[in-house]
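# Per-entry structural report
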Amino acid sequence: MINARSEKKTFYIKISKIVLSSAAILLIYMYYYANCHSRMYLTIFGLIAIGAITLIALALFKRITLESTKLFAAVLLISGIFFTFAFTPGSVPDETFHYWSSYYYSDLILGGEVDYENTMLEMRQTDADLYIANELSADMYSKTIASLGEASGNHETTMVLVSPGALNSAQNPFYIKLPSVLGICLGRLAGFDAVVTFYLGRVLNFILFAVLALMAIRLTPVGKNGLKVICLLPMTLHICASYSYDAGTIGLSFLSIALLLRLWISENQATNKLLAFIVILQILLVPCKLVYCASLLIGLFAPRRCFASRKQMLAFKVGICAGVVFLFVLTKLNSVSSMATGPSSGLDQRGDEFGHFYTLQSALADPVATIGLFLGSMLLTGDFYVQTLVGGSLGWFQNTIVAPSYIVFAYLAILFLAYIRCDPDQERCVEGRLRILCLIVPLLAWLAVMVSMYLGWTFDTEPVILGIQGRYFLPVLPLFMLGCRFNSLSFKINSANLMIGSIVVLNCLYMMRTFSIVLQ
């Protein structure tokens, strides 16, 4: 009798939670509809609101658990597909450059003409006419939708002037661009219009990230829920659901970190297969973003107990160093040395601006001023770094859709709570040397990002380092969060449903706000 009453009470509590959550979501949904009166908003976000309410109900009645990798994969793919199509061509940072780079490789594969001297690409007329703009707006949606199904220009070609860097294979490694390149190739071969071809490249690029991230989640021995939350941050989805090579870079970094943690924490000694994969992943990261190779320190400082023999340990550490150094010399040495010394003559160029960048010599000539510049940049623009880390500034720094502070704080809260241990008996914290490395590696990577922007993007007349965004911290964020995890904090229950469900619902509400503004 007592059990029956208890079950009945629990049932009514769950129903109350569902009713209150549904009421809150629907009220917010209708509030933002009143702000834009858009049929597109009404239809799309009506379905999203129903999906969010259904997810809450199923999670409360334990019909699903977001701890399941398969179910999370479905949530990640649905979220990624939404971000893929929600943002119009060019409305993601640097996407036009990355699109040109992918189109360049498609020309090489399909036999298109490339004029290196004048930095021009042969493009289908329909692709050249595709309306690409930095701003996300109702007008851009109208133009993109109007371009759907336009067959004219599929067989005609024209030469298009592009950024010189888009034709630089060292700057844009082929293997990391391959999915988006295949999307463009398929679109061109099938005769799809420019819009379908463009989004096909985006979809395949996101799938690359999703596959690598899901592998990392399955293989990491600690912090699975936290890694899932990082994958669902708006900024992660925003960048990875575009043409940016950061999609593959972030995925490779996550997978590399997962295997390095497995090397340290696994009860079994490392196999040659595991060590080979770590070396390969570190080597693949070099041409993409050298700064994220800081994670190789975790492998270099791995203790003897992690390896089957001393010979295996030495072979791994020598191999990973040799591979990274070789790729660095092959692909990055010239750019890094020129960045450090500055141009041999004339002025440095930043977009349409000209001036003199800071140099290594100027930094060493006045180290106190240099340190002050770095610290001042952190203090003056630190809030911007945090905002652009979680996704509080989507689009191409579009001020009209910047998230309020309370939304940014909500994402940070979910992120930190997701890294609190769920089961003290099973989930462990990284300790000792590994904890120190988990904190040092992200800080070194961030310092390297600041140095690269100091030397390659900031004029010597500017008082802060420019060009830095919080999203550059995403590839090493899992390590930093694990370093901040302590044994004294833990949940007595599995918090996967709560944390992942919370970020999914918050994403829905945040997107409602964003697109109600855009569609006004």
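Use the structure listed above.
Residues numbered from 1 in each chain as written. Predicted model: local features only at pLDDT ≥ 70, side-chain atom pairs only at ≥ 80, totals over all residues. Heavy atoms only, no water.

### Focus on the nonpolar core
Ranked by size, the top nonpolar core spans 137 residues in total, and within it Ile25, Leu76, Phe209, Leu263, Leu477, Met512 and Phe515 carry the most contacts. Element by element, the count of residues in this core is highest for helix α21 (residues 496-518), at 14 residues. Sequence-distant contacts of Leu76, that is, excluding residues within four places in its chain, are made with Phe206, Phe209, Ala210, Leu214, Cys231, Leu232 and Leu237. Core analysis: the next-biggest nonpolar cluster, separate from the first, contains 21 residues, Tyr99, Leu121, Leu130 and Phe198 among them. (Core = buried A, V, L, I, M, F, W, Y, C linked by side-chain atoms within 4.5 Å. Buried < 20%, exposed > 50% of the residue type's maximum accessible area, 1.4 Å probe, protein only. Helix = DSSP H or I, 4+ residues; strand = E, 2+ residues; numbered from the N terminus. Contact = heavy atoms within 4.5 Å.)

### A word on the packing of helix α4 (residues 95-110) against helix α7 (residues 174-190)
Following both chains from N to C, one finds α4 and α7 inclined at 70 degrees, their axes separated by 8 Å at the closest point. In terms of orientation, α4 and α7 fall into the roughly perpendicular class. Handedness of the α4/α7 crossing: right-handed. Packed against α4, whose contacting residues are His98, Tyr99, Ser101, Ser102, Tyr103, Tyr105, Ser106, Asp107, Ile109 and Leu110, the element α7 presents Phe174, Lys177, Ser180, Val181, Ile184, Cys185, Arg188 and Leu189 at the interface. Of the residues that constitute the contact of α4 with α7, the class distribution is ten nonpolar, five polar and three charged. (Axes fitted to C-alpha atoms, helices over the stretch in contact; angles between N-to-C directions. Parallel < 35°, antiparallel > 145°, perpendicular 65-115°, else oblique. Left-handed = near helix turned anticlockwise from the far one by under 90°. Nonpolar A, V, L, I, M, F, W, Y, C, P; charged D, E, K, R; others polar.)

### Structural notes on the pattern of salt bridges
According to the stated counting rule, one finds nine salt bridges in the structure shown. Two residues, Asp246 and Lys289, come together in a salt bridge whose shortest N-O distance is 3.0 Å. In this pair, Asp246 sits in helix α11 (residues 246-265) while Lys289 sits in the loop between α12 (272-288) and α13 (296-300), placing the two residues 43 residues apart along the sequence. Summarising the burial analysis for this pair, Asp246 and Lys289 share the class buried. In this structure, Arg350 engages Glu462 in a salt bridge whose closest nitrogen and oxygen atoms are separated by 2.8 Å. Here Arg350 is found in strand β4 (residues 348-350), whereas its partner Glu462 is found in the loop between α19 (432-456) and α20 (477-483), with 112 residues between them in sequence. (Salt bridge = Lys/Arg side-chain N within 4 Å of Asp/Glu carboxyl O.)

### Re the sheet that holds strand β1 (residues 114-115)
Strand order in the open sheet formed by three strands is β1-β2-β3, with antiparallel pairing between adjacent strands. Lying at the two open borders of the sheet, with one neighbouring strand each, are β1 and β3 (157-161). Two elements, strand β2 (residues 120-124) and β3, share five bridges in a ladder whose sense is antiparallel. Looking at the pairing, Leu121 lines up with Val160 of β3. (Pairing = 2+ DSSP bridges.)

### A few points about the packing of helix α2 (residues 39-60) against α21
Packing of α2 against α21 leaves a shortest axis separation of 11 Å and a crossing angle of 165 degrees. The pairing of α2 with α21 is recorded here as roughly antiparallel in orientation. Seen along the crossing, α2 lies across α21 with a hand that is left-handed. Every residue of α21 that contacts α2 at Tyr41, Phe45, Ile48, Ala49, Ala52, Leu55, Ile56 and Ala59 is listed here: Asn497, Val504, Val505, Cys508, Met511, Met512, Phe515 and Ser516. Here the contact of α2 with α21 is composed, by residue class, of 14 nonpolar, two polar and no charged.

### As for the pairing of β2
The buried fraction of β2 is high, at four of five residues. Across two bridges, β1 lies against β2 in antiparallel orientation. From the neighbouring strand, Val114 faces β2, where its bridge partner is Leu121. Hairpin remark: β1 followed by β2, antiparallel, with four residues in the connecting loop; positive phi at Thr119, about 50 degrees.

### Things to note about empty space enclosed by the protein
Here the structure, examined in full by the defined rule, presents two cavities of 30 Å³ or more. As for the largest cavity, its lining consists of Thr220, Val222, Gly223, Leu227, Phe254, Ile257, Ala258, Leu261, Pro478 and Leu482. Of all elements in the fold, only α11 and α20 reach the threshold of two or more residues within the lining of the largest cavity. Looking at which element gives the most residues to the lining of the largest cavity, the answer is α11, with four residues. A per-class count over the lining of the largest cavity returns eight nonpolar, two polar and no charged. Asp246, Thr249, Ile250, Lys289, Tyr292, Arg471, Tyr472 and Pro475 are the residues that line the second largest cavity. Across the lining of the second largest cavity, the residue classes break down as four nonpolar, one polar and three charged. (1 Å grid on protein atoms, 1.4 Å probe; cavity = no way out; pocket = protein on both sides within 12 Å on 5 of 7 lines; lining within 4 Å. Points joined across faces, edges and corners; volume = space filled by probe spheres on them.)

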